[in-house]
Amino acid sequence: GMLDGGHLNLFKVGQRVFYIDGEEKAHKARIAKIDYDDQMHTYYTIEVNGTKKDDVHHVDLSLIHPTVDKVLGVINLRDETVNYLRETCPTLKEFEKFLKLSFEAVKAFHKTNGELKE
């Protein structure tokens, strides 16, 4: 189909991605090379944990950590917020930092405004 065609490249060489292995674990990886088979399907060679892995299909690659993706799917946020978080906090560490920040901000806000409630 169109989506799998070689003319649609989801990833670029040098791009940082997550590789999701057979056990659904996510590994930080980098796109090293892009190949096409006879049907013009796209396959990627990636560098993961210092080794090259070829014939990787785009379904096993993600720009965002799958856990972050899941969480963003369930928490009720405006689309702009979700898109912003996808771009700025794609890793678990960044996302956790963001969540901590927002909880701290909320707590601080309630502390300062709590006394003002009638």
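As the structure is a computational prediction, the values presented were derived from the model and not from experiment. (Residues numbered from 1 in each chain as written. Predicted model: local features only at pLDDT ≥ 70, side-chain atom pairs only at ≥ 80, totals over all residues. Heavy atoms only, no water.)

Draft legend 1. Region of the structure containing the environment of P66. Note that P66 resides in helix 1 (residues 66-74). In this structure P66 comes out as partly exposed when scored by relative accessible area, which is 23%. In the structure, P66 is positioned 26 residues away from L92 in sequence and 9.0 Å away in space, judged by C-alpha atoms. For P66, the residues in contact, after removing those within four places along its chain, are I20 and A26. (Helix = DSSP H or I, 4+ residues; strand = E, 2+ residues; numbered from the N terminus. Buried < 20%, exposed > 50% of the residue type's maximum accessible area, 1.4 Å probe, protein only. Contact = heavy atoms within 4.5 Å.)

Draft legend 2. Focus on the confidence of the model for the chain. This prediction gives the chain a mean pLDDT of 85; 87% of its residues lie at or above 70. Least confident of the elements in the chain is helix 3 (residues 92-114), whose mean pLDDT is 82; most confident is strand 4 (residues 51-56), at 96. (pLDDT = per-residue confidence, 0-100.)

Draft legend 3. Inspection of the nonpolar core at higher detail. Counting 11 residues, the largest nonpolar core consists of F11, V17, Y19, A29, I31, I34, Y44, I46, V48, V56 and L61. Mapped onto this core, the elements with two or more residues apiece are strand 1 (16-20), strand 2 (26-36) and strand 3 (42-48). Aside from chain neighbours lying at most four places away, what touches V17 is F11, H27, K28, A29, R30, I31, L61, S62 and L63. Counting 7 residues, the second-largest nonpolar core is a separate cluster that includes I64, L72, V82 and F95. (Core = buried A, V, L, I, M, F, W, Y, C linked by side-chain atoms within 4.5 Å.)

Draft legend 4. Local environment of the pattern of salt bridges. Within the structure shown, the criterion is met by 7 salt bridges. Between E47 and R30 there is a salt bridge, and its shortest N-O distance comes to 3.0 Å. Here E47 is found in strand 3, whereas its partner R30 is found in strand 2, with 17 residues between them in sequence. Looking at E47, the relative accessible area reads 27%, which means it is partly exposed. Note that K107 and E104 form a salt bridge whose closest N and O atoms lie 3.5 Å from each other. Here K107 and its partner E104 are both found in helix 3, 3 residues apart, which amounts to about one turn of the helix. You can call K107 exposed: its relative accessible area is 52%. Exposure remark for E104: the relative accessible area of 44% places this residue in the partly exposed category. (Salt bridge = Lys/Arg side-chain N within 4 Å of Asp/Glu carboxyl O.)

Draft legend 5. The side chain of H65, seen in detail. Relative to the helices and strands, H65 is located in the loop between strand 5 (61-62) and helix 1. Judged by relative accessible area, which is 11%, H65 ranks as buried. In contact with H65, other than residues within four places in its own chain, are F18, A26, P90, T91 and L92.

Draft legend 6. Highlighting the sheet that holds strand 5. Strand order in the open sheet made by the 5 strands is 4-3-2-1-5, with antiparallel pairing throughout. The open sheet terminates on both sides in strands that have one partner only, identified here as strand 4 and strand 5. Where strand 1 and strand 5 come together, 2 bridges link them in antiparallel fashion. Note on strand 5: the bridge partner recorded for F18 is S62. (Pairing = 2+ DSSP bridges.)

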